[in-house]
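Summary of structural features
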Amino acid sequence: MMHIMHDALKLKLAIKKDRDINKAVKNGQHMALPVEADSFDHGDIPAPTLTPFHPYWDEICCLWNGSLADQFIDELHTNGHDFNGETRKALKDYFFQCLTTLRKELKHQVPRPNETIEQAQNRANAQYQAVLARNCV
């Protein structure tokens, strides 16, 4: 049932695969700014909303993302997903795990020093193909 949460999260980010995350955050889309997360932490601004969906990628386990997780879980329950008695904490932990996985993918695709964006994409694709090949053996 946890795949439902991961798939719903990808829908919020408008991606089909985890490795598409770099396209989702391009030009600041689906990305909370540090000032937003800090202002929320201090009670200066209201809670983030699911639409638009803007996780804070710099620090996954933060109040900003915790608020998004609570709203996300509520939305899934409203849409009829039961999760077979999983506790709210377990669901929230899985939400954070999904964001962590996506952040790792983002970092994996960031250009290294003296590497162009195209070279970084080629490197990431080659590494992804190597992983696929190893998994097929």
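Structure: see above.
The structure presented is a predicted model; accordingly, all values stated were derived computationally and were not measured.

Geometrically, the link from Thr 51 to Pro 52 is a cis peptide bond, its omega value of -5 degrees lying close to zero. Tracing the backbone shows Pro 52 in the loop between helix H3 (34–41) and helix H4 (63–78). Here the phi dihedral of His 30 falls at roughly 55 degrees; this positive angle occurs in a residue that is not glycine. With respect to the element layout, His 30 can be found in the loop between helix H2 (21–24) and H3. With a phi close to 65 degrees, Asn 114 is a non-glycine residue in the positive phi region. For Asn 114, the position within the fold is in the loop between helix H5 (88–108) and helix H6 (117–136).

A separate point is helix H1 (residues 2–12). Ile 4, Met 5, His 6, Ala 8, Leu 9, Lys 10 and Lys 12 are the residues of H1 that are buried. Buried-residue contacts for H1 involve H4 and H5. Within two residues after H1, Ala 14 carries a phi angle of roughly 60 degrees, on the positive side.

So, on to the environment of Lys 26. Along the chain, Lys 26 turns up in the loop between H2 and H3. Separated by 14 residues in sequence, Lys 26 and Lys 12 have C-alpha atoms that sit 15 Å apart.

With that settled, the discussion passes to the pattern of salt bridges. According to the stated counting rule, one finds eight salt bridges in the structure shown. For the salt bridge of Lys 12 with Glu 75, the shortest nitrogen-to-oxygen distance reads 3.0 Å. Here Glu 75 lies in helix H4 and Lys 12 lies in helix H1, a separation of 63 residues in the sequence. Between Arg 88 and Asp 74 there is a salt bridge, with the nearest N and O atoms lying 2.8 Å from each other. Here the residue Arg 88 occupies a position in helix H5, and Asp 74 occupies one in helix H4, the gap between them amounting to 14 residues. When salt bridges with common partners are traced through the structure, they connect Asp 70, Asp 74, Arg 88 and Lys 92 into a single cluster.

Thresholds, definitions, all that
- Residues numbered from 1 in each chain as written.
- Predicted model: local features only at pLDDT ≥ 70, side-chain atom pairs only at ≥ 80, totals over all residues.
- Heavy atoms only, no water.
- Helix = DSSP H or I, 4+ residues; strand = E, 2+ residues; numbered from the N terminus.
- Buried < 20%, exposed > 50% of the residue type's maximum accessible area, 1.4 Å probe, protein only.
- Contact = heavy atoms within 4.5 Å.
- Salt bridge = Lys/Arg side-chain N within 4 Å of Asp/Glu carboxyl O.

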